[in-house]
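Here's the letter readout for the chains.
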Amino acid sequence: YQWVDNKISELNKDYFLNGANNQLAVSLEYGFDIDRRTLKAYPTRGYQLQGSITNYGLGLQKQVNVTTTSIKFSKFFTLDNYDKHSTGHSVQLKGSYPSKQPYNIQSGLGYEQDFVRGYELYVVDGQSFALLKNEYRYKFASMKLAFNKRNAKTPTKQVFPVDFFVKTHLDAGYVQDQYFNDFNTLRNKWLIGAGVGVDVLLLYDKLIRMEYSINREKEHGFYMHLELPF
């Protein structure tokens, strides 16, 4: 159950649809995740297939009746026998029905890792979207830092592995929005972003991404992330 002040429904009659200031909806979601990647924090081989279907309203409520489907496929390749050269690619599609739906339920690009690099500061909402991501990485350094760890019985040595990668990336995305166009200026056109970066992998499962990207609007900036872009 959600409620907003009447001023919100006056400014946007479609926030809950038809000028309503409250919304009651039961939702049901089914999702799957098939993961065949070598290293989940920073894979260089394998693939991952994810999908979900969500229904709001379950056909029992007149105010809300929206179905959303999403599917994402990621593939990783090693270009040599030593895992120094590798690539990562992903394609993601999301759609919803009907096209006319409450503004608070629909979502497009700009949430979690669903964005074109170079557009990190934007949210582009819509009823459906397509997202493509590609990157090439080269492992240019690897080291193991050793620390002596003492306890009450015997001293032990703790190893702290660190890997460094340089990379290039190229992303593209498209958000379809048929209704909320006044301030959604990036909808209904291809968004393209490209750049270079450095990835630091700690302990095989902690990632720091530092990227410099430029987008189609010729905006550029430096961004940091702690998760894979895929």
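For the structure, check the block above.
All values reported here derive from a predicted model rather than from experimental measurement.

Draft legend 1. Local environment of the overall build of the chain. If you tally the helices and strands in the chain, you get 1 helix and 11 strands. Its helices and strands taken in sequence order, the chain reads β-α-β-β-β-β-β-β-β-β-β-β from the N to the C terminus. At 22 Å, the chain has a C-alpha radius of gyration far larger than the 17 Å of a compact globule built from 230 residues. Overall, the C-alpha framework of the chain stretches about 70 × 50 × 30 Å when taken along its three principal axes. Counting every position in the chain, which comprises 230 residues, the buried fraction comes to 39%. Of all intrachain contacts in the chain linking residues separated by at least 6 positions in sequence, the fraction that spans at least 24 positions is 55%.

Draft legend 2. Layout of the pairing of strand E6 (residues 85–97). Of the pairings in the sheet, the one linking strand E5 (residues 66–78) to E6 comprises 12 bridges and is antiparallel in character. If you follow serine 70 over to E6, its bridge partner there is lysine 94.

Draft legend 3. Inspection of the environment of aspartate 177 at higher detail. Tracing the backbone shows aspartate 177 in the loop between strand E8 (156–176) and strand E9 (190–202). Given the relative accessible area of 1%, aspartate 177 is considered buried. Residues aspartate 177 and aspartate 125, 52 residues apart in the sequence, show an inter-C-alpha distance of 7.2 Å. In contact with aspartate 177, not counting residues within four places along its chain, are Asp125, Gly126, Gln127, Asn184, Arg187 and Asn188. Looking at aspartate 177, its side chain comes within polar contact range of the side chain of glutamine 127, at 3.1 Å. A polar contact is formed between the side chain of aspartate 177 and the backbone nitrogen of tyrosine 179, at a distance of 3.2 Å.

Draft legend 4. Molecular detail of the pairing of E9. Strand direction decides the pairing type here: E8 and E9, joined by 13 bridges, are antiparallel. Bridging across to E9, glycine 173 finds its partner in leucine 191. The hairpin formed by E9 and strand E10 (residues 206–215) contains 3 residues between the paired strands, and leucine 203 there has a positive phi angle of roughly 55 degrees.

Draft legend 5. View of the side chain of lysine 139. Inspection of the secondary structure puts lysine 139 in strand E7 (residues 128–149). The side chain of lysine 139 is buried and forms no salt bridge, while aspartate 163, the nearest opposite charge, is found at 4.3 Å. Apart from residues no more than four positions distant in its own chain, lysine 139 is found in contact with Asp83, Lys84, Asp163, Phe164 and Phe165.

Parameters at a glance
- In every chain, residue numbers begin from 1 and rise along the written sequence.
- It should be noted that, the model being predicted, local features are given only for residues of pLDDT at least 70 and side-chain atom pairs only at 80 or more, the latter also being counted only at that level, while totals for whole chains, interfaces and linings use all residues.
- Here the side-chain values reflect all heavy atoms present in the structure, with hydrogen atoms and water set aside.
- Where helices and strands are cited, they refer to DSSP runs of H or I of at least four residues and of E of at least two residues respectively, numbered from the N terminus.
- The globule rule used for comparison is 2.2 Å times the number of residues to the exponent 0.38, while the radius of gyration itself is calculated over C-alpha atoms.
- Remark: exposure states derive from per-residue accessible area (1.4 Å probe, protein chains only) relative to the maximum for the residue type, with buried under 20%, exposed over 50%, and partly exposed in between.
- Here a residue-residue contact requires only that any non-hydrogen atoms of the pair lie within 4.5 Å.
- A pair of strands counts as paired when DSSP detects no fewer than two bridges linking them.
- Residues adjacent in sequence count toward polar contacts only when both atoms are side-chain atoms; beyond that, a polar contact is any pair of N or O atoms within 3.5 Å, and within protein one must be able to donate a hydrogen and the other to accept it.
- Charged residues are defined here as Lys and Arg on the positive side and Asp and Glu on the negative side; His and the ends of the chain fall outside this count.
- What makes a salt bridge here is a side-chain nitrogen of Lys or Arg within 4 Å of a carboxyl oxygen of Asp or Glu, nothing more.

Everything listed here is a matter of coordinates, which is why it stays silent on function.
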